[in-house]
Number of protein chains: 2
Amino acid sequence: MLDLAILGLLHEQEQHGYEIRRRLRDELGLFANISFGSLYPALSRLEAAHAVTVIESSGGAAAPSMPFTGSLSGERAGLRARRAGTPRGTKRSRKVYRITDQGRRLFEQLLDADERPGADDARSFGLRLAFARHIAPQARLALLERRRAQLTRRLATDQVRASGDTLDVYTRSLVEHSTEATEHDIAWLDRLIESERLKQPAPRSENREPHTGDAVTATKGTSP
Amino acid sequence: MLDLAILGLLHEQEQHGYEIRRRLRDELGLFANISFGSLYPALSRLEAAHAVTVIESSGGAAAPSMPFTGSLSGERAGLRARRAGTPRGTKRSRKVYRITDQGRRLFEQLLDADERPGADDARSFGLRLAFARHIAPQARLALLERRRAQLTRRLATDQVRASGDTLDVYTRSLVEHSTEATEHDIAWLDRLIESERLKQPAPRSENREPHTGDAVTATKGTSP
DNA sequence: GTCATCATGTAAGCCGTTACATGATTGC
DNA sequence: GCAATCATGTAACGGCTTACATGATGAC
């Protein structure tokens, strides 16, 4: 699941590990404080699988496919010069990763094929929804409806539990609150689903133009 | 955390592994479908730590320091007789566990000392609340208030996230919904806390000011 | 006598953690 | 020059999963 999160972030913008961690915390909120002991091995794995490539592992400019001097001292000089322009940041000795075409394929594959059992459902769904803008409208709808079905099932088992007479006060309160929370979640999903339906009124069996891939481009280059 | 759940169930009634799993699923709801690959090793660990003892293992040996007939056929006959009384179940070759005094101590210790980082907060709290009736009133109150503080912190970070301008539609919706859910949780906790305070009006161990003045929301009555 | 269910266990693996080790850059 | 921060990595471990192995009991 971490792989999915990483690919999702790199989908938007090339970045280095340390920064990925920050965005995971500040933007996604999931993986509140993912540890480097998870993150870096994950990046290595993805690189080995050719899902990402290192486009810069030292000082050069982060511009895509822009060749730069191999001179280490030259790079250093360049960075010193650049530092004057940017008050903070712009460190050296970092590896900037970029997602590959294969990585993009893997991303989409993970996005709708993963949902492995044993995984935290809520987290898994949250992660997918956070990247929902990158997927086709009908896949988005399917994601929402799968989640809705999941919650409906939970509601059913909660009600069975609540109907038992063996629960003590605290457990009963817990179950009742859980039921309310689930109902709240479902109502929210229903609003999202309706809003999706309004955006794409007719599902139209096949040959649906698969979302022209603009709007995804990196809006900012190397800006700190 | 599984250890805590097991001890909590055995706290109430001696049982064998298979049955513990069923109660974990049907009563607690947490550990929806704990696997035997987790459960049995956990029981073995607890036994090795003298937190539980095997009080009956119908197949033959393994009863600790309690001698009984070594006759296999004898055991079988006894079980056959017992089966007639109970229409289903009452299998043989199972190990019935009982919690020990040491286990009870461990239980209480886990109950308020655990809360390890990296654990699923909600699940951990739910588990503790499910066993809340076994702990001292002030410990119960402390549990609720710790959880409340936790959720308040979450609310704060969610609000920071929401105030950023980089979030896309779906992520924003997610954060907003998460905020609502957390507020809902806090309101529920406040109801529980108030009801606890009513049950034990004056904590007054020494320097305790029963900080009133909360009276937060409480939109709906405690009993639906 | 065979199949479903109850019952216990082991082995391998996944996915995350903390703790530890190292080094570059920059502020003071 | 020294400490704080940025940045990357390795090692050991934790807690759970699935897959596999075994066997007893009861229904038919």
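Look a little higher up for the structure.
The following paragraphs examine the structure supplied in this document. (Residues numbered from 1 in each chain as written. Chains lettered and ligands numbered in written order. Predicted model: local features only at pLDDT ≥ 70, side-chain atom pairs only at ≥ 80, totals over all residues. Heavy atoms only, no water.)

### Section: the pairing of strand S3 (residues 96–99) of chain A
- Sheet analysis places strand S1 (residues 15–16) of chain A next to S3 of chain A, joined by two bridges and oriented antiparallel. Paired with His16 of chain A across the two strands is Val96 of chain A, which belongs to S3 of chain A. (Pairing = 2+ DSSP bridges. Helix = DSSP H or I, 4+ residues; strand = E, 2+ residues; numbered from the N terminus.)

### Focus on the nonpolar core
- Within the largest apolar cluster, 29 residues are counted, with the highest numbers of intra-cluster contacts made by Ile6, Leu7, Ile20, Leu24, Leu28, Phe31 and Leu127 of chain B.
- For this core, the secondary-structure elements that each account for two or more residues are helix H1 (2–12), helix H2 (17–28), helix H3 (36–48), strand S2 (52–57), strand S3 (95–99), helix H5 (101–113) and helix H6 (121–130) of chain B.
- Take this core: its biggest share by element is seven residues, from H1 of chain B.
- When sequence neighbours within four positions are dropped, the list of residues in contact with Leu7 of chain B reads Leu46, Ala51, Val52, Ile99, Gly103, Leu106, Phe107 and Leu110 of chain B.
- Within the second largest apolar cluster, 28 residues are counted, among which are Ile6, Ile34, Leu127 and Ala130 of chain A. (Core = buried A, V, L, I, M, F, W, Y, C linked by side-chain atoms within 4.5 Å. Buried < 20%, exposed > 50% of the residue type's maximum accessible area, 1.4 Å probe, protein only. Contact = heavy atoms within 4.5 Å.)

### A closer look at the pattern of salt bridges
- This structure, assessed with the given rule, holds 28 salt bridges over all chains.
- Across the pair Asp26 of chain A and Arg22 of chain A runs a salt bridge whose closest N-O atoms are separated by 3.2 Å. Of this pair, Asp26 of chain A and Arg22 of chain A both sit in helix H2 (residues 17–28), four residues apart, which is roughly one turn of the helix.
- The class for Asp26 of chain A is partly exposed, based on a relative accessible area of 32%.
- A salt bridge links Arg133 of chain B to Glu12 of chain B, with the nearest nitrogen and oxygen atoms 2.5 Å apart. Taken together, the positions of Arg133 of chain B in the loop between H6 and helix H7 (137–163) and Glu12 of chain B in helix H1 put the pair 121 residues apart, joining distant regions of the chain.
- Given a relative accessible area of 32%, Glu12 of chain B falls into the partly exposed group. (Salt bridge = Lys/Arg side-chain N within 4 Å of Asp/Glu carboxyl O.)

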